[in-house]
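Chain by chain, the residues:
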Amino acid sequence: MKKVLSIGLLVAMVTVMLPVRVTAQEVNFSLGADIVSSYVWRGMKTAPASVQPSATLEIGGFSLGAWGSTDITGDGTKEVDFTAAYSIAGFTVAITDYWWAGEDEFRYFHYDAHDTEHLFEATIGYKLPVESFPLSLTWNTMFAGDDYNKADGKRAYSTYVELEYPFSIKEVDLGLQIGFTPWESRLYTSHTDKFSVINVGLKAAKTVKITESFSLPIFTHLIFNPEAEDIHFVFGISL
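Counting residues in hydrophobic clusters, the biggest one holds 11 residues: Tyr-39, Trp-41, Met-44, Ala-47, Tyr-98, Leu-119, Met-142, Tyr-160, Leu-187, Tyr-188 and Ile-198. Elements with a minimum of two residues in this core: strand E2 (39-41) and strand E3 (44-47). Once residues within four sequence positions are removed from consideration, Ala-47 is found in contact with Ser-38, Tyr-39 and Thr-77.

The subject of this paragraph is the pairing of strand E1 (residues 27-36). The pairing of E1 with strand E4 (residues 50-59) spans 10 bridges and is classified as antiparallel. Note on E4: the bridge partner recorded for Asn-28 is Glu-58. Bridging between E1 and strand E14 (residues 230-238) involves three bridges; their strand directions are antiparallel. Pairing of Asp-34 across the sheet is with Ser-238, part of E14.

On to the environment of Leu-174. Take Leu-174: it is sitting in strand E11 (residues 172-181). Accessibility expressed as a relative area gives 15% for Leu-174, which makes it buried. Residues Leu-174 and Thr-220, 46 residues apart in the sequence, show an inter-C-alpha distance of 9.7 Å. In this view, Leu-174 contacts Tyr-165, Pro-166, Phe-167, Ser-168, Ile-169, Lys-203 and Ala-204; residues no more than four positions away in its chain are not counted.

Turning our eyes to something else, we now look at the pattern of salt bridges. All chains considered together, the criterion is met by nine salt bridges. Asp-147 is the partner of Arg-186 in a salt bridge, and the nearest nitrogen-oxygen pair spans 4.0 Å. Note that Arg-186 is positioned in the loop between E11 and strand E12 (196-209) and Asp-147 in the loop between strand E9 (136-145) and strand E10 (159-169), a separation of 39 residues in sequence. The buried category is assigned to Asp-147, whose relative accessible area is 0%. Here Lys-209 and Glu-212 are joined by a salt bridge, their closest N and O atoms 3.3 Å apart. For Lys-209, a relative accessible area of 53% puts it in the exposed group.

For the rest of this paragraph, the subject is the side chain of Ser-38. Looking at where Ser-38 falls in the secondary structure, it is placed in the loop between E1 and E2. Those residues in contact with Ser-38 that lie beyond four places of it in its chain are Lys-45, Ala-47, Pro-48, Ala-49 and Val-234.

In the predicted model, the protein carries a mean pLDDT of 89, and the fraction of residues at 70 or more is 90%. Between residues 1-22, whose pLDDT stays under 50, and residues either more than four places distant or in other chains, the model counts 28 contacts.

Attention now moves to the environment of Glu-117. Topologically, Glu-117 is positioned in the loop between strand E7 (91-99) and strand E8 (118-127). When its relative accessible area of 26% is taken as the criterion, Glu-117 is described as partly exposed. The sequence separation of Glu-117 and Ala-101 amounts to 16 residues, and the corresponding C-alpha distance is 6.4 Å. What Glu-117 contacts, discounting residues up to four positions off in sequence, is Tyr-98, Trp-99, Ala-101, Glu-105, His-110 and Asp-146.

Right, let's talk about the side chain of His-221 for a bit. With respect to the helices and strands, His-221 occurs in strand E13 (residues 215-225). Here Gln-177 takes part through its side chain, which lies 3.0 Å from a polar atom of the side chain of His-221. For His-221, the residues in contact, after removing those within four places along its chain, are Gln-177, Gly-201, Leu-202, Lys-203, His-232, Phe-233 and Val-234.

This part takes up the sheet that holds E13. In spatial order, the strands read E1-E4-E5-E6-E7-E8-E9-E10-E11-E12-E13-E14; together these 12 strands close into a barrel with antiparallel pairing. For this sheet, the mean inter-axis angle between neighbouring strands, taken without regard to orientation, is 20°. By the bridge criterion, nine bridges tie E10 to E11 in an arrangement that is antiparallel. Pairing of Leu-163 across the sheet is with Ile-178, part of E11.

Counted by the stated rule, this structure contains 15 aromatic pairs. Each ring, one from Phe-62 and one from Tyr-86, has its centre 4.6 Å from the other, and the planes form 45°; the classification is tilted. With Phe-62 in strand E5 (residues 62-71) and Tyr-86 in strand E6 (residues 78-88), this pair connects stretches of sequence that are 24 residues apart. Judged by its relative accessible area of 29%, Tyr-86 falls in the partly exposed class. Between Trp-99 and Tyr-108, the aromatic rings sit 5.3 Å apart at their centres with planes inclined by 75°, giving edge-to-face as the arrangement. Of the two residues examined, Trp-99 and Tyr-108, each falls in the buried class. The ring of Tyr-148 carries Arg-155 above its face, with NZ or CZ at 4.4 Å from the centroid. Over the aromatic face of Phe-219 sits the side chain of Lys-203, whose NZ or CZ is 4.6 Å from the ring centroid.

Thresholds, definitions, all that
Residues numbered from 1 in each chain as written. Predicted model: local features only at pLDDT ≥ 70, side-chain atom pairs only at ≥ 80, totals over all residues. Heavy atoms only, no water. Core = buried A, V, L, I, M, F, W, Y, C linked by side-chain atoms within 4.5 Å. Buried < 20%, exposed > 50% of the residue type's maximum accessible area, 1.4 Å probe, protein only. Helix = DSSP H or I, 4+ residues; strand = E, 2+ residues; numbered from the N terminus. Contact = heavy atoms within 4.5 Å. Pairing = 2+ DSSP bridges. Salt bridge = Lys/Arg side-chain N within 4 Å of Asp/Glu carboxyl O. pLDDT = per-residue confidence, 0-100. Polar contact = N/O pair within 3.5 Å; in protein donor to acceptor, adjacent residues only side chain to side chain. Axes fitted to C-alpha atoms, helices over the stretch in contact; angles between N-to-C directions. Phe/Tyr/Trp six-rings, centres within 6.5 Å; stacked < 30°, edge-to-face > 60°. Lys NZ or Arg CZ within 6 Å of the ring centre and 35° of its normal.

Have a look at this one:
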């Protein structure tokens with residue numbers, strides 16, 4: 001059966017092929033983690049309270065990132081994702097390898113068609129080059145992995161599209177999002193069979209000063225899923 005290469009392996013290959021002569025000014029490496037009261041992804045609750053670490057290597061317009069989520073309630077949820085992306089002039093293209101099989105699954109390197117637990121997604125995004133109106137649009141489509149229609153066994157090409165508009169009020173950074181599926185998808189909200197709005201959200205972030213030398217970034221995210229008639233209110237701390 002045809003096998004699909006892991007994005008993790010692709011990341012390693014791309015890293016090897018990058019030019020050797022790269023100055024320190026061109027390279028940026030960042031580490032971080034969020035602690036959230038619940039893990040909600042594209043309008044759907046995926047896990048209870050979780051820790052979500054991240055690491056990103058940026059070289060020019062290229063970036064290689066790793067992101068994970070592990071619940072802290074003993075629910076057994078575990079996710080590890082890898083993303084390779086390139087950004088230029090407001091455009092971003094990316095490929096992501098999702099793996100969220102869970103804590104007790106040990107088949108990460110299993111890529112057989114129709115039998116893998118990985119999901120591979122292609123993303124294209126664009127941010128308007130207007131400072132007073134920084135609207136961004138992202139289009140995300142699953143193109144490989146565990147994304148098949150159960151009825152006929154054909155690839156579903158599950159797709160999610162999101163518009164986001166950031167703004168601020170005094171010292172609070174805010175963001176409005178609206179996300180939808182443009183056609184039938186088996187992946188979102190347990191299966192949508194038409195155009196469906198699945199994520200309407202308002203995120204607010206603020207840095208709270210604890211002492212003269214220590215501040216703590218916090219955020220809240222109010223999320224409504226019209227298709228599922230569900231609502232979530234998430235609190236998080238960024239480290």
